[in-house]
Amino acid sequence: MSSTKSKTGSAHTTACDRLWRNARLATLNPKLPGLGLVPDGVLAVLDGRILYAGSAEKLPFPVHDAAEIIDCEGRWITPGLIDCHTHLVHAGDRASEFEMRLAGASYEDIARAGGGIVSSVRSLREASEDALVAQSLPRLDALIAEGVTTVEIKSGYGLDLENEAKALRAARRLGDERDVAIRTTFLGAHALPPEFKGDKTGYIAKIVDEMLPAIAAEGLADAVDGFCEGIAFSTDEMRLVFDAAKALGLPVKLHADQLSNLHGAALAAEYGALSADHLEYTDAAGAQAMAKSGTVAVILPGAFYFIRETKKPPIDQFRKAGVRMAIATDNNPGTSPLTSLLLTMNMAATLFGMTVDECIAGVTREAARALGLVDEVGTLEPGKWADFAIWNIERPAELVYRMGFNPLHARVRNGH
């Protein structure tokens, strides 16, 4: 309870700071079926956290006991959207590679010709931290404008300690510049830097012995990721990185099975990874391992679309195995310059056959799970942070159905 003073000066005890009434809720509460819909919804907030989210008739105190009341006029409320896989902090663009791809070059062709990730490394190394923040803010603003309240940002374009740390500091600063929760992920094992050409062993040793300990000591990373692929790093090389991360108390994630099946999904599951991401070539054994370990499958339709991939991730296989599925933009300059989580949901449904419920859960509850935050955000449940979005829609399916249309009415973060 909190106290306010009435116009007469007498103290009045309030049950909550703010109360949103006359709303329809998609709570994503796992104890309820589907999206956890509540047609006569009320959402009450106290000290930045949800006090109550449910039916108006079951509200445990009178509506007028709220310090402030907001009439939603029948609008829908969902948890704040969560983009759980981005490379948002980068410098420059790779539009020239887009033209090459249109002319027939493959992802591997571009990478082996010195383009791809390595070209973004050159740009990031030349940019100052301030420049990285300035270039990244418009991308972040585009996500925020669609109701996003939490964003994961990976490094991976520095590929040495100085520049990886610079990118992670820039990512942290974005959370100071905007009212959004930022989770940072160290992706040093993204590609082989030019100075280590032909020496993967030496570079992995540098990550393990120098980069990871320094980044952990400075508190710059919430998790550690890697790219397990023929053009990147093997499962054995990733084991060394994961062992070092675990020794430092950092959870792991993995870019897995995007271009071939190196059994990256099974490796991620073996280490209890928060998520394995991409997964176009994951097999049944990998899906079953992920289900057993609780590793979330992060589906990235933007990259699939942009590089004109033809192998779809095994959505049915994940469903049958009971793997949780999240969806993310994979915002990056080379293979998914996408800054719309709403469009990402439409792509997941249209390209991969994911259902409306799977898509909405994939950018809320399951995205939170993929970041290790499901106890704090991702659903409208008492005790969680009051991060939510209010929408001008008649039914939740509109969030997945529309393209190039933003129905956001208001975005609420920590109850404000």
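Note that this is a predicted model, so its numbers are computed, not measured.

Participant: What is the right way to read the domain arrangement of the protein from this model?
Facilitator: For interface size, the figure often reported is the accessible area lost on association. Here the protein is described as being made up of domain 1 (18-79 + 379-412) and domain 2 (81-371). In this structure, domain 1 and domain 2 have C-alpha centres spaced 30 Å apart. Summed over both partners, the interface of domain 1 with domain 2 comes to about 1800 Å²; 65% of that surface belongs to carbon and sulfur atoms. One can count 0 salt bridges joining domain 1 with domain 2. At the boundary of domain 1 and domain 2, one finds 7 residue pairs in polar contact (both at pLDDT 80 or more). Where the side of domain 1 that touches domain 2 is concerned, the elements lending two or more residues are β7 (76-79), β16 (388-391), α15 (398-401) and β17 (408-412). By residue class, the composition of the side of domain 1 that touches domain 2 is 16 nonpolar, 5 polar and 3 charged.

Participant: What should I look at first to understand the pairing of strand β13 (residues 275-278) in this one?
Facilitator: Regular strands place side chains that alternate from one sheet face to the opposite one. Taken together, the 4 bridges between strand β12 (residues 253-256) and β13 define a ladder with parallel strand orientation. Within β13, the residue paired with His-255 across the bridge is Asp-277. As judged from the 3 bridges shared by β13 and strand β14 (residues 296-299), these two strands associate in the parallel manner. Within β14, the residue paired with Asp-277 across the bridge is Val-298. Following the chain from β13 across helix α9 (residues 284-293) to the adjacent parallel β14, one finds a crossover that is right-handed.

Participant: How should I be thinking about the pattern of salt bridges in this particular structure?
Facilitator: A side chain with one charge can pair with a side chain of the opposite charge if their charged atoms come near. The tally for this structure, following the rule as stated, stands at 26 salt bridges. With a shortest N-O distance of 3.0 Å, Glu-376 and Arg-49 are connected by a salt bridge. Linking Glu-376 in the loop between α14 (365-370) and β16 with Arg-49 in strand β5 (residues 49-55), this pair joins segments that are 327 residues apart in sequence. By relative accessible area, which is 30% here, Glu-376 ends up partly exposed. Assessed through its relative accessible area of 25%, Arg-49 is described here as partly exposed. Notably, a salt bridge pairs Asp-179 with Arg-413, separated by 3.0 Å at the nearest N-O pair. Remark: Arg-413 occurs in the segment after β17 and Asp-179 occurs in the loop between α5 (161-177) and β10 (181-189); sequence separation between them is 234 residues. Relative accessible area serves as the criterion here: at 44%, Asp-179 is assigned to the partly exposed category. Arg-413 sits in the buried class, given a relative accessible area of 13%.

Participant: When you look at the UniProt feature "binding site: Zn(2+)" (unreviewed entry) in the protein in this model, what are you seeing that I'm missing?
Facilitator: Mapped onto this numbering, the UniProt entry annotates "binding site: Zn(2+)" (unreviewed entry) at His-85, His-87, His-255 and Asp-330. For the annotated residues, spread through 246 residues, the largest C-alpha to C-alpha distance comes to 12.3 Å, consistent with a single compact locus. Looking at the secondary structure, you find His-87 in the loop between β8 (81-83) and α1 (95-102). By relative accessible area, His-87 is classed as buried at 2%. His-87 has contacts with Lys-154, Ser-155, Tyr-157, Leu-187, His-190, His-255, Asp-330, Asn-331 and Asn-332, leaving out every residue within four places of it along the chain. A polar atom in the side chain of His-87 sits 3.4 Å from the side chain of His-255. Residue placement: His-255 occurs in strand β12. Contacts of His-255, omitting those with residues within four sequence positions, involve His-85, His-87, Lys-154, Leu-187, Asp-225, Gly-226, Phe-227, Cys-228, Asp-277 and His-278.

Participant: Can you help me understand the packing of helix α4 (residues 129-144) against α5 in this one?
Facilitator: Two numbers describe a pair of packed helices, the interaxial angle and the distance between the axes. Relative orientation of the contacting elements α4 and α5 amounts to 50°, with a least axis distance of 9 Å. The pairing of α4 with α5 is recorded here as oblique in orientation. In this structure, α4 meets α5 at a crossing whose hand is right-handed. For the pair formed by α4 and α5, the contact residues are Glu-129, Asp-130, Leu-132, Val-133, Ser-136, Leu-137 and Leu-140 on the first element and Lys-166, Ala-167, Arg-169, Ala-170, Arg-173, Leu-174 and Glu-177 on the second. Each residue belonging to the contact of α4 with α5 can be placed in one class, and the counts come to 7 nonpolar, 1 polar and 6 charged.

Participant: Got a minute to help me understand the confidence of the model for the protein in this structure?
Facilitator: Chain-level statistics for the protein give a pLDDT mean of 95 and a share of 97% at 70 or above. In this model, residues 1-10 is a region of pLDDT below 50 whose contacts with residues beyond four sequence positions or in other chains number 18 contacts.

Participant: Would you mind going over α5 with me for this structure?
Facilitator: Turn by turn, an α-helix covers 3.6 residues, leaving residues three or four places apart pointing in a common direction. If you check α5, its first and last C-alpha atoms are 24 Å apart, about what 17 residues at 1.5 Å a residue would give, namely 24 Å. Within the sequence span of α5, burial applies to Asn-163, Glu-164, Ala-165, Lys-166, Ala-167, Leu-168, Ala-170, Ala-171 and Leu-174. At its buried positions, α5 is contacted by α3 (117-126), α4, β9 (148-154), β10 and α6 (200-217).

Participant: Which parts of the structure should I look at to understand the UniProt feature "binding site: Fe(3+)" (unreviewed entry) in the protein?
Facilitator: Within this structure's numbering, the places UniProt gives as "binding site: Fe(3+)" (unreviewed entry) are His-85, His-87, His-255 and Asp-330. Of the polar contacts made by the side chain of His-255, one reaches the side chain of His-85; its length is 3.3 Å. Here Asp-330 lies in the loop between β15 (325-327) and α12 (341-352). The class of Asp-330 is buried, set by a relative accessible area of 2%. Beyond its immediate chain neighbours, meaning those up to four positions away, Asp-330 contacts His-85, Thr-86, His-87, His-278, Leu-300, Ala-303, Thr-335 and Ser-336.

What counts and what doesn't
- Residues numbered from 1 in each chain as written.
- Predicted model: local features only at pLDDT ≥ 70, side-chain atom pairs only at ≥ 80, totals over all residues.
- Heavy atoms only, no water.
- Domains from an automatic or database assignment.
- Buried area = accessible area lost by both parts, 1.4 Å probe.
- Salt bridge = Lys/Arg side-chain N within 4 Å of Asp/Glu carboxyl O.
- Polar contact = N/O pair within 3.5 Å; in protein donor to acceptor, adjacent residues only side chain to side chain.
- Helix = DSSP H or I, 4+ residues; strand = E, 2+ residues; numbered from the N terminus.
- Nonpolar A, V, L, I, M, F, W, Y, C, P; charged D, E, K, R; others polar.
- Pairing = 2+ DSSP bridges.
- Right-handed = clockwise from strand over helix to strand, strands pointing away.
- Buried < 20%, exposed > 50% of the residue type's maximum accessible area, 1.4 Å probe, protein only.
- UniProt positions renumbered as here; feature names shortened; annotations may be inferred.
- Contact = heavy atoms within 4.5 Å.
- Axes fitted to C-alpha atoms, helices over the stretch in contact; angles between N-to-C directions.
- Parallel < 35°, antiparallel > 145°, perpendicular 65-115°, else oblique.
- Left-handed = near helix turned anticlockwise from the far one by under 90°.
- pLDDT = per-residue confidence, 0-100.
- Expected span 1.5 Å × (residues − 1).

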